Amino acid sequence: MAISGHSFLYMKREIPFHFHFHLAYTRFLPPDSSSVNSFEQRSCESGGRGIRNIMEKLRVKSFLALAVFLCIQCENQVMGQSLDPDSPYSGHQTEYTRPAADLDLRLDEPILQPNPLGGPEQVFLTFGDNTGTAITLSWSSNKTIQPLVWYSKESKKYDLSAAGDAPKRYKYEDYTSGLLHHVTLTNLEYSTKYYYKIGSSDRQFLTFYGDFTTPPAPGPNTPIKFTLVGDLGQTYSSNKTLSHMIKSGGQFLLNMGDFSYADCYQPRWDTWGRMMTPYSSKVPVIFTYGNHEIEYDETADERTPFISATQRFSTPWKSSHSEGPLFYSVNIGPVHIISLNSYVSLAKYTPQYEWLWVYSSLLERFLSGFDFFVVNVLLLADLRRVDRSVTPWVIIITHTPWYNTYDAHYLEGEVMRNGVEYFARKYHVDAIFSGHVHSYERFKRLYYYEQDDCAPMYVTIGDGGNREGPATEFQIDPAPSYTAYREPSFGHGTLEIFNSTTAVFKWHRNQDSESVTADGVYLSNVHSRAERCVRAHEPLQPSYRLSSRIASG
Ligand SMILES: [Fe+2]
């Protein structure tokens, strides 16, 4: 794929403003570790020479405090800058010539071939509890073998073992799945690499070998890095995205749903599992389901949604007090992650609603009696349990975006947004990641379509590369002021949390066979600066707010 001249210029200028922090930090490193380029140095000039001079006179402890302050300024600077067509944060597309819809991987591709002996394949790691001390291994096989996992902290020792329930198959029309196994390893140590083998101790040819590293202990200043992807599918573009994800080096994956695009053709679930195995057998996944996982089997008069996906994958819903496997939360290092399901009702008294919200106490109701929303209810049950001194960061992942300026799926997330947005701001949710729209879009921190530094940042990252192709049409064009950046290309994201106050999000475009960092922003933790957040205004009637914004936007 040819790269236009504009794109070449763009690549040269891709270092974003958030490297203010990086530049400042490198000033305290040995000279040989300072590798900032000229663009970073130029960008730092806007940070103020006076600030730099002050910083050079401070001790490291004071420097860290200043660095956090600078990061907040960086974020504000990015959020508040004017629209500049030459800026990577301008809210304008680049001229990169992007591919259209791609084909699914051919079924004879080597990566999609089944285990010829019927042994373990499609290995997929998820969290076994919501504290990071248990990991669940799921896999498929076509041999009736005991679901056992041997594991150890030393390579090839395998002195520990765990067993699961008897494997099950599921039927879907004329398809019968392989034997689906789930085994949870418990009482694992934090930040520890474990080696495992699954299958059979005596029949080595049926054994799969792998390793993974457990999450760090919960704590406010534990650094951690996530990879993010949505709507991945199993095309040649999907495979490129996957290879870029591996290089990004995230410790854990946040998957925003629409995994395989099997769309009821069940063998495509098996090929997707095989494509994913080099990654998903090593990197535990936190995910939410999308509409392509619903898959009603109408010929069998089947009305149970997510029947295939819930058989294949496991979620830590019990330990997060959820009502079922479709919505849950986990604590990982410094972050509490809530997985909401866009296709399970959030209407009053439904299970997801009752998990997410609970009635406040009578006293709380009395004290907040003038608050339109709270008097009618509610505090976030899950958020109420979050100990922000341990996990200062809170993230929501869900499939359908609450904010969207593309033509595809425009306003589909309005019901959930109207139901949850008030509480997302009230309880200092830092970011909300979604998929569904097959392109990339990052919004400023928003509350009811207005910029609000105490509200979550919204990112749509449904650009994994599935066969339906990128969303290229816009419902709102040119981009509105509340969009920070959007681009109809394939790619993936990374979220790196440094400590209790500072994180950076980056979007990596698939530029032909390369992964190019094309957008990003520093994030300052909302809860750590909550004293500066005034109480949110009560949401007016949603229809009024929405119609007024559309009329003006
Ligand atoms: Fe979707």
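Residues numbered from 1 in each chain as written. Predicted model: local features only at pLDDT ≥ 70, side-chain atom pairs only at ≥ 80, totals over all residues.

Within an unreviewed UniProt entry, the label attached to the protein chain reads Purple acid phosphatase, and the organism entered is Riccia sorocarpa. Database annotation for the protein chain, UniProt heading Catalytic activity (unreviewed entry): "a phosphate monoester + H2O = an alcohol + phosphate". Its UniProt record, at the heading Sequence similarities (unreviewed entry), says of the protein chain: "Belongs to the metallophosphoesterase superfamily. Purple acid phosphatase family." (UniProt positions renumbered as here; feature names shortened; annotations may be inferred.)

A. The arrangement of the overall build of the protein chain in detail. Check the secondary structure of the protein chain and you find 14 helices and 25 strands. When the 553 residues of the protein chain are sorted by exposure, 48% land in the buried category. Contacts in the protein chain between residues at least 24 apart in sequence constitute 72% of all its contacts with a sequence separation of at least 6. (Helix = DSSP H or I, 4+ residues; strand = E, 2+ residues; numbered from the N terminus. Buried ≥ 20, exposed ≤ 12 C-beta atoms within 10 Å, placed from the backbone. Contact = placed C-beta atoms within 7 Å.)

B. Structural context of the pairing of strand β24 (residues 502-511). Burial analysis of β24 places 9 of its 10 residues in the buried class, the great majority of the element. Where strand β23 (residues 491-497) lies against β24, 7 bridges are found, and the strand directions are antiparallel. Its bridge partner being in β24, Glu 496 is matched across the sheet by Val 504. Linking β23 back to β24 in an antiparallel pair, the connection comprises 4 residues. Two strands pair when backbone bridges link them, and β24 and strand β25 (residues 514-524) are joined in this way by 10 bridges, in the antiparallel orientation. Among the inter-strand pairings, Val 504 is bridged to a residue of β25, identified as Tyr 522. Connecting the antiparallel pair β24 and β25 is a turn made up of 2 residues, with Asp 512 showing a positive phi of about 55°. (Pairing = 2+ DSSP bridges.)

C. Seen up close, the environment of Val 429. Structurally, Val 429 is set in the loop between α13 (414-426) and β18 (431-434). Take Val 429: there are 24 C-beta atoms within 10 Å of it, and that puts it in the buried class. Measuring from C-alpha to C-alpha, the distance between Val 429 and Val 526 comes to 7.3 Å, with 97 residues separating the pair along the chain. When neighbours within four sequence positions are excluded, Val 429 is seen to be in contact with Val 394, Ile 396, Ala 424 and Pro 456.

D. Main features of the sheet that holds strand β9 (residues 208-213). Strand order across the open sheet formed by 4 strands is β4-β3-β8-β9, with antiparallel pairing between neighbours. Edge positions in the sheet fall to β4 (160-163) and β9, since each has one partner strand and no second. Adjacent strand axes in the sheet meet at a mean angle of 25° when their direction is disregarded. Pairing between strand β3 (residues 148-152) and β4: 4 bridges, direction antiparallel. (Axes fitted to C-alpha atoms, helices over the stretch in contact; angles between N-to-C directions.)

E. Broad picture of the pairing of strand β17 (residues 393-397). Here β17 lies mainly inside the structure; 5 of its 5 residues are buried. Judged by which residues are buried, β17 turns out to be covered on both faces: Trp 393, Ile 395 and Ile 397 on one side and Val 394 and Ile 396 on the other are all buried. Direction of pairing for strand β14 (residues 335-339) relative to β17: parallel, over a ladder of 5 bridges. Bridging from a neighbouring strand, Ser 339 pairs with Ile 397 of β17. Note: β17 against β18, 3 bridges, orientation parallel. Looking across to β18, one finds that Ile 397 is bridged to Phe 433. Handedness of the crossover joining β17 and β18 through α13 is recorded here as right-handed. (Right-handed = clockwise from strand over helix to strand, strands pointing away.)

F. Summary view of helix α6 (residues 236-248). Across its 13 residues, α6 extends 19 Å between first and last C-alpha, which sits within 8% of the 18 Å expected from 1.5 Å per residue. Within α6, burial applies to Ser 237, Ser 238, Lys 240, Thr 241, Leu 242, His 244, Met 245 and Ser 248. Close packing links the buried residues of α6 with β10 (224-229), α7 (267-280), β23, β24 and β25. Gly 249 occupies a position one or two residues after α6 and carries a positive phi of about 75°. (Expected span 1.5 Å × (residues − 1).)

G. Local environment of α13. The end-to-end C-alpha distance of α13, which contains 13 residues, comes to 18 Å, matching closely the 18 Å that a straight helix rising 1.5 Å per residue would cover. When we look at burial in α13, the residues that qualify are Met 416, Arg 417, Val 420, Glu 421, Tyr 422, Ala 424 and Arg 425. Where α13 terminates, the next one or two residues include His 428, which has phi positive at roughly 60°.

H. Region of interest: the nonpolar core. Grouped together as the largest cluster of nonpolar side chains are 95 residues, with contacts concentrated most on Leu 137, Ile 395 and Phe 433. Here this core spans two domains, and each of domain 2 (110-213) and domain 3 (225-552) adds at least three residues to it. Those residues in contact with Phe 433, other than ones at most four positions away along the chain, are Leu 228, Leu 254, Met 256, Ile 395, Ile 397, Val 459 and Ile 461. (Core = buried A, V, L, I, M, F, W, Y, C linked by C-beta atoms within 7 Å. Domains from an automatic or database assignment.)

I. Representation of unusual backbone geometry within the structure. Put simply, Asp 477 and Pro 478 share a cis peptide bond, and its omega is 5°. The phi dihedral of Asp 258 falls on the positive side, at around 60°, and the residue is not glycine. Mapping Asp 258 onto the fold places it in the loop between β11 (252-255) and α7. Here the phi dihedral of Tyr 448 falls at roughly 50°; this positive angle occurs in a residue that is not glycine. Tracing the chain through its elements places Tyr 448 in the loop between β19 (440-447) and β20 (450-451). Overall, Tyr 448 belongs to the buried group, with 20 C-beta atoms counted inside 10 Å.

J. A look at the environment of Ser 138. Topologically, Ser 138 is positioned in strand β2 (residues 135-141). Judged by local crowding, Ser 138 falls into the buried class, with 23 C-beta atoms found within 10 Å. Separated by 43 residues in the primary sequence, Ser 138 and His 181 have C-alpha atoms spaced 5.4 Å apart. Residue contacts for Ser 138: discarding those within four places in its chain leaves Phe 124, Thr 126, His 181, His 182, Arg 312, Phe 313 and Ser 314.

K. Highlighting the environment of Ser 177. Mapping Ser 177 onto the fold places it in the loop between β6 (175-176) and β7 (179-185). Remark: the alpha-carbon pair of Ser 177 and Pro 267, spanning 90 residues in sequence, is separated by 8.2 Å. Beyond its immediate chain neighbours, meaning those up to four positions away, Ser 177 contacts Ser 140, Arg 169, Tyr 170, Gln 266 and Gln 311.

L. Examining the confidence of the model for the protein chain more closely. Looking at the protein chain as a whole, the pLDDT averages 77, with 70% of positions reaching at least 70. Of the regions scoring below 50 in pLDDT, residues 1-92 engages in 106 contacts with residues more than four places distant in sequence or in other chains. Scored below 50 in pLDDT, residues 358-379 shows 22 contacts in the model against residues more than four places distant or in partner chains. (pLDDT = per-residue confidence, 0-100.)

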